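Spelled out from the first residue to the last, the chains are:
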Amino acid sequence: MASSTSACAAFSRSLRLRSPFLNPIKFSQFGFFRSKSLPLILPCLALDASVTSVSAKGEMEKENKLWGGRFKEGVHESVERFTESVSFEAEELWVHDIRGSIAHANMLAAQGLITEGDRDLIIEGLGKIKTKIETGEFVWRKDREDVHMNIEAALTDMIGEPAKKLHTARSRNDQVVTDIRLWCRDAIDRILIRIKELQAQLVLLALRNDGLIVPGYTHLQRAQPVLLQHLLLSYVEQLERDAGRLINCRERLNFSPLGACALAGTGLPIERFMTSQELDFTAPLRNSIDAVSDRDFLLELISANSITAVHLSRIGEEWVLWASEEFGFIIPSDSVSTGSSIMPQKKNPDPMELVRGKSARVIGDLISLLVLCKGLPSAYNRDLQEDKEPLFDSVKAIIGMLEVTSVFAANITFNGERIRSSLPAGYLDATTLADYLVKKGMPFRTSHDVVGRAVALCIAKKCQLSDLSLDDLRGINSIFEKDVYDFLGVENAVNKFTSYGSTGSGEVQKQLQFWCSKLDITSAE
């Protein structure tokens, strides 16, 4: 045992633990290594030593970084793991990175900065890389950090020296933000398609429910009767503003940062208007520092997504409530419902619950990016690598929310019988009765008081306003005449609405006609 302990002591004196954050430490500094349990600990230490050795060997086998000229040491693998972005950006950005590189190569050749032969080799090589990525043959390497370096290094492996000319008058700073702007532009187009699909489903749902009156709510209390079509079209209007925000955002972000380089531009004779035109941008960004440093276009896009998410969440909340037994206004089909693992009778509107839930995620993405950007000094900072995951997540979530809401809208029916049976409760025609008195010349504040007393009488008699006799009403105020009954009841109340945009049948028909024309809808089928 003594010889074993002696050998362990000698081993502990010679073996050093290398930490990525600390200087090498002698194990003998720690008192517990002098305990009798040392032999039990040593196998673990030996294993750590072998892992360190393997890591060191692996590190020596890594290729030199494309930016590594002034460095004497390789990047520690912990730093490499922490700083790489290819794992979450490659799938999203590669097609835009290749497109941007092709435009850049064309411009470099046109300006005489590379030969046409080199340009052709570069473009041909990028085409082959594109095919490899599409077929799944391309190997993304984390030690190459990001999508740009992976593609450039692969191009260098493929065609050699000409590939090294591609990064002339270009920095990853302007390269990445070019890719992101191109990606955002396409993302907005995809979101706009989903918004239009949902709008169309809501209009179709409105057409299938012609004339159905539902209780309108304020403060989640019965307020006034409204046509269901009117309510559904209110969602369509909100979505139209959501689309408008995205269209405006697209217009503002559609300017090219390519050629801004790291931050100061370049002294080489590049032509930024050429690459801007080839990439279908409106124009190059005027200020090179602004071009690489600001992410306001991302904040605007994710903000627009957040507002859309809030609108969808509110639809989700309403439909989840209406699908409950307490309301019973909506009947979702089995195809958009889920069950319970323990309660056999359950039929849950889970898709809309998750729409409501995912809105928090989209809003969280916006908050993450706002906090990320708020304290950055001017020009590019590596913090901005963290802009992509909230962006990708926000777009993925909002597209999913729009898609599933469209599917849900196409697979629900409104329970007309249950809705009609619920209408008498809540004195929904009270405001219309107040309007009747105004038309008789009574000041509105006075009419409000008179109708309030009429409602109190109904509560006492446990009846509706339309059940009160003319004598009952005249007992409150002598102004009432027989024509008052033309204003009472939910059908009469709805028909009395005539103001522009109101829930009156004529106005709702105008709104339906507008949306059918705008969305190219010809029938309810």
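Owing to the predicted nature of the structure, the values given are computational and were not obtained by experimental measurement. (Residues numbered from 1 in each chain as written. Predicted model: local features only at pLDDT ≥ 70, side-chain atom pairs only at ≥ 80, totals over all residues. Heavy atoms only, no water.)

(A) Region of the structure containing the nonpolar core. Core analysis: the largest hydrophobic core is formed by 94 residues, its most contacted members being Trp319, Leu391 and Phe414. Broken down by element, this core gets its largest block of residues, 17 residues, from helix α7 (residues 172-207). Within the second largest apolar cluster, 23 residues are counted, among which are Ala430, Ala434, Leu465 and Ile479. (Core = buried A, V, L, I, M, F, W, Y, C linked by side-chain atoms within 4.5 Å. Buried < 20%, exposed > 50% of the residue type's maximum accessible area, 1.4 Å probe, protein only. Helix = DSSP H or I, 4+ residues; strand = E, 2+ residues; numbered from the N terminus.)

(B) Broad picture of the confidence of the model for the chain. Model confidence for the chain is summarised by a mean pLDDT of 89, while 86% of its residues fall at 70 or above. Below a pLDDT of 50 lies the segment residues 1-5, which in the model reaches zero contacts outside its immediate sequence neighbourhood of four places, other chains included. (pLDDT = per-residue confidence, 0-100. Contact = heavy atoms within 4.5 Å.)

(C) Molecular detail of helix α5 (residues 116-135). The end-to-end C-alpha distance of α5, which contains 20 residues, comes to 29 Å, matching closely the 28 Å that a straight helix rising 1.5 Å per residue would cover. Three or more residues of α5 are buried, namely Asp118, Arg119, Ile122, Gly125, Leu126, Ile129 and Ile133. Angularly, the buried residues of α5 cover 130 degrees about the axis, an arc narrow enough to put them on a single face. Where α5 is buried, its residues contact α4 (86-110) and α6 (147-159). Gly136 sits one or two residues past α5 and shows a positive phi near 80 degrees. (Expected span 1.5 Å × (residues − 1). Arc of directions from axis to C-beta.)

(D) Fine view of the environment of Pro349. With respect to the helices and strands, the residue Pro349 is situated in the loop between β5 (330-332) and α12 (350-374). With a relative accessible area of 9%, Pro349 lands in the buried category. It is 9.0 Å that separates the C-alpha atoms of Pro349 and Ser324, two residues lying 25 residues apart in sequence. Setting aside anything within four residues of it in sequence, one finds Pro349 in contact with Val320, Ala323, Val336 and Phe408.

(E) Highlighting the packing of helix α11 (residues 296-322) against helix α13 (residues 388-410). With their axes 10 Å apart at the nearest point, α11 and α13 run at an angle of 30 degrees to one another. On the basis of their axis angle, the class for α11 and α13 is roughly parallel. In the packing of α11 onto α13, the handedness of the crossing is left-handed. Of the residues in α13, those touching α11 at Leu298, Leu301, Ile302, Asn305, Thr308, Ala309, Leu312 and Trp319 are Pro390, Leu391, Ser394, Val395, Ile398, Met401, Leu402, Thr405, Phe408 and Ala409. Of the residues in the contact of α11 with α13, the class split is 14 nonpolar, four polar and no charged. (Axes fitted to C-alpha atoms, helices over the stretch in contact; angles between N-to-C directions. Parallel < 35°, antiparallel > 145°, perpendicular 65-115°, else oblique. Left-handed = near helix turned anticlockwise from the far one by under 90°. Nonpolar A, V, L, I, M, F, W, Y, C, P; charged D, E, K, R; others polar.)

(F) Spotlight on the packing of aromatic side chains. Scanning the model with the defined rule gives 11 aromatic pairs in all. Ring centres 6.2 Å apart and planes at 10 degrees place the aromatic pair Tyr436 and Phe480 in the stacked group. Of this pair, Tyr436 sits in helix α15 (residues 430-439) while Phe480 sits in the loop between α17 (470-476) and α18 (490-495), placing them 44 residues apart in sequence. The exposure class assigned to Tyr436 is buried, which follows from its relative accessible area of 1%. Phe480 gets classed as buried once you look at its relative accessible area, which sits at 0%. Chaining the aromatic ring pairs together yields one cluster made of Tyr217, Trp322, Phe327, Phe329 and Phe414. The ring of Trp183 carries the charged tip of Arg190 above its face, separated from the ring centre by 5.7 Å. Cation over ring: Lys496 sits above Phe487, and NZ or CZ is 4.3 Å from the ring centre. (Phe/Tyr/Trp six-rings, centres within 6.5 Å; stacked < 30°, edge-to-face > 60°. Lys NZ or Arg CZ within 6 Å of the ring centre and 35° of its normal.)

(G) Up close: a nonpolar patch on the surface. On the surface, Val310, Ile363, Ile367, Leu370 and Val371 cluster together into a nonpolar patch covering about 380 Å² of accessible area. Per-element tally for the nonpolar patch: the top contributor is α12, with four residues. In this structure, Val310 sits in helix α11. The class for Val310 is partly exposed, based on a relative accessible area of 35%. (Patch = residues over 30% accessible without salt bridge, like charges linked within 9 Å, V, L, I, M, F, W, Y side chains within 5 Å. Areas by Shrake-Rupley, 256 points an atom, 1.4 Å probe, with all protein chains shown as cover. Salt bridge = Lys/Arg side-chain N within 4 Å of Asp/Glu carboxyl O.)

(H) The pattern of salt bridges, seen in detail. All told, the structure shown has 27 salt bridges when counted by the stated rule. Salt-bridge contacts for Asp387 lead to Lys388; the nearest nitrogen and oxygen are separated by 3.6 Å. The exposure class of Asp387 is buried, given its relative accessible area of 0%. Assessed through its relative accessible area of 4%, Lys388 is described here as buried. The shortest N-O distance in the salt bridge between Glu507 and Lys510 comes to 3.2 Å.

(I) Region of the structure containing the pairing of strand β3 (residues 213-218). The sheet contact formed by β3 and strand β4 (residues 221-227) spans six bridges and is antiparallel. Its bridge partner lying in β4, Thr218 is registered against Gln221. Taken together, β3 and the strand that follows it, β4, pair antiparallel across an intervening segment of two residues, in which His219 is found at a positive phi of about 60 degrees. (Pairing = 2+ DSSP bridges.)

(J) Region of interest: the packing of α12 against α13. For the pair α12 and α13, interaxial distance at closest approach is 9 Å and the crossing angle is 160 degrees. One finds that α12 runs roughly antiparallel with respect to α13. For the pair α12 and α13, the crossing hand works out as left-handed. Packed against α12, whose contacting residues are Pro351, Met352, Val355, Lys358, Ser359, Arg361, Val362, Asp365 and Ser368, the element α13 presents Pro390, Asp393, Ser394, Ala397, Met401, Val404, Thr405 and Phe408 at the interface. Partitioned by chemical class, the residues of the contact of α12 with α13 number nine nonpolar, four polar and four charged.

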